[in-house]
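For reference, the chains in residue letters:
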Amino acid sequence: MHDWKKISARLIFVAAIWALANIGYYFIFSGSDAASYNTSPIGIFLYFSGWAVVAILYFEYLYGRRFPLGKRLWWYATLSIGAFFVVWGILYIYSFLPTLTGPVFAPYSDILLATPWYFLPKAAEILLQQILILILIQALVDGLKSFKKVVIAYAVLFVSIHIAYVFVSGMPTPYGVIITIGALLSSFVFPFLILRARAGFVYSYTIHLLFYILVATLLHTWPPPGYYIS
């Protein structure tokens, strides 16, 4: 028998932490026209890193004794940051792409105007997301008996969270469609890596980060209407 109240509480925690992190970001950084992932990378990196630490501590509280991963999550988080700096080599190539000019609607235009520095705070934001995804998947494992059900439930919940976020935040439709499709595609990858692959957390983190690098590269290569190669 599973305690669905506890499992529901964990799912609510995941949604609450993500909501609070984004609301806090909006009030602290997005309220200033001068603050964005491109212009304030260090501050935003430290901000999301702080939330990632909160999520790690909560995971350790829940699963630290039950799963070896709970004792290693600090190491995996550090390894994930290490993977980011390996990815930095890819960003060196990215830095040779032409820059874009166009309207600034932070935070949604940040990726359109992204410099390599954009991916420093993005790395911390994605680390927070991956830890919350880890908690989400483990909560589903505790409540469901089959891997297939976990994948389906993850897809429904993760896509629903993204759709709700798109509507509440008022982000541009094209950007909202991209991240929602990314959330759906992740359901075919992240549960398998996290539950079946050794160091799957690190692999999923790296794939998540590379997804945004790919999106930024495509946007810089084929800019949307209103943005021009400078």
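How each quantity is defined
- Residues numbered from 1 in each chain as written.
- Predicted model: local features only at pLDDT ≥ 70, side-chain atom pairs only at ≥ 80, totals over all residues.
- Heavy atoms only, no water.
- Helix = DSSP H or I, 4+ residues; strand = E, 2+ residues; numbered from the N terminus.
- Buried < 20%, exposed > 50% of the residue type's maximum accessible area, 1.4 Å probe, protein only.
- Contact = heavy atoms within 4.5 Å.
- Salt bridge = Lys/Arg side-chain N within 4 Å of Asp/Glu carboxyl O.
- Core = buried A, V, L, I, M, F, W, Y, C linked by side-chain atoms within 4.5 Å.
- Phe/Tyr/Trp six-rings, centres within 6.5 Å; stacked < 30°, edge-to-face > 60°.
- pLDDT = per-residue confidence, 0-100.
- Axes fitted to C-alpha atoms, helices over the stretch in contact; angles between N-to-C directions.
- Parallel < 35°, antiparallel > 145°, perpendicular 65-115°, else oblique.
- Left-handed = near helix turned anticlockwise from the far one by under 90°.
- Nonpolar A, V, L, I, M, F, W, Y, C, P; charged D, E, K, R; others polar.
- Patch = residues over 30% accessible without salt bridge, like charges linked within 9 Å, V, L, I, M, F, W, Y side chains within 5 Å.
- Areas by Shrake-Rupley, 256 points an atom, 1.4 Å probe, with all protein chains shown as cover.

Caption draft 1: Structural detail: the overall build of the chain. A tally of helices and strands in the chain yields eight helices and two strands. When the helices and strands of the chain are read in sequence order from the N terminus, they spell out α-α-α-β-α-α-α-α-α-β. Burial analysis of the chain (230 residues in total) assigns 48% to the buried set. Taking the intrachain contacts of the chain between residues at least 6 apart in sequence as the baseline, contacts between residues at least 24 apart amount to 74%.

Caption draft 2: Examining the pattern of salt bridges more closely. In the structure shown here, the tally under the stated rule is two salt bridges. Residue Arg-10 pairs with Asp-142 through a salt bridge whose shortest N-O separation is 2.8 Å. Of this pair, Arg-10 sits in helix H1 (residues 4-30) while Asp-142 sits in helix H4 (residues 119-143), and the two are 132 residues apart along the sequence. Here Arg-10 and Asp-142 have matching classes, each one buried. Across the pair Lys-122 and Glu-125 runs a salt bridge whose closest N-O atoms are separated by 3.1 Å. One end of the pair is Lys-122 and the other is Glu-125, both in helix H4 and three residues apart, which spans about a single turn. In this pair, the class of Lys-122 matches that of Glu-125, namely buried.

Caption draft 3: Examining the nonpolar core more closely. If you look at the biggest cluster of nonpolar residues, it comprises 69 residues, and the most contacted ones within it are Phe-48, Phe-119, Leu-128, Leu-132 and Ile-135. Those elements giving two or more residues to this core turn out to be H1, helix H2 (41-63), helix H3 (68-94), H4, helix H5 (147-169), helix H6 (173-186), helix H7 (190-196) and helix H8 (200-221).

Caption draft 4: Looking closely at the packing of aromatic side chains. Per the stated rule, a full pass over the model turns up 14 aromatic pairs. Between the aromatic rings of Tyr-58 and Tyr-61, the centroid separation amounts to 6.4 Å while the plane-to-plane angle is 35°, which identifies the pairing as tilted. With Tyr-58 and Tyr-61 both in helix H2 and three residues apart, the pair spans about one turn of that helix. A relative accessible area of 68% places Tyr-61 in the exposed class. Among the aromatic side chains, those forming a connected cluster through ring pairs are Tyr-25, Phe-29, Tyr-37, Tyr-47, Phe-48, Tyr-94, Tyr-118 and Phe-119.

Caption draft 5: Quick look at the confidence of the model for the chain. Summing up the model confidence of the chain, the mean pLDDT is 82 and the portion of residues at 70 or higher is 87%. When mean pLDDT is compared element by element in the chain, H7 scores highest at 92, while H3 scores lowest at 71.

Caption draft 6: Layout of the packing of H2 against H4. Taken N-terminus to C-terminus, the directions of H2 and H4 make an angle of 20°; their axes are 7 Å apart at the nearest point. What the angle tells us is that H2 and H4 run roughly parallel. Pair H2 / H4 crosses with left-handed handedness. In the contact of H2 with H4, the residues fall into 23 nonpolar, two polar and two charged.

Caption draft 7: How the structure looks around a nonpolar patch on the surface. Taken together, the side chains of Val-177, Ile-181, Leu-184, Leu-185 and Phe-188 present a nonpolar region at the surface, about 490 Å² in accessible area. One can find Leu-185 in helix H6. You can call Leu-185 partly exposed: its relative accessible area is 48%.

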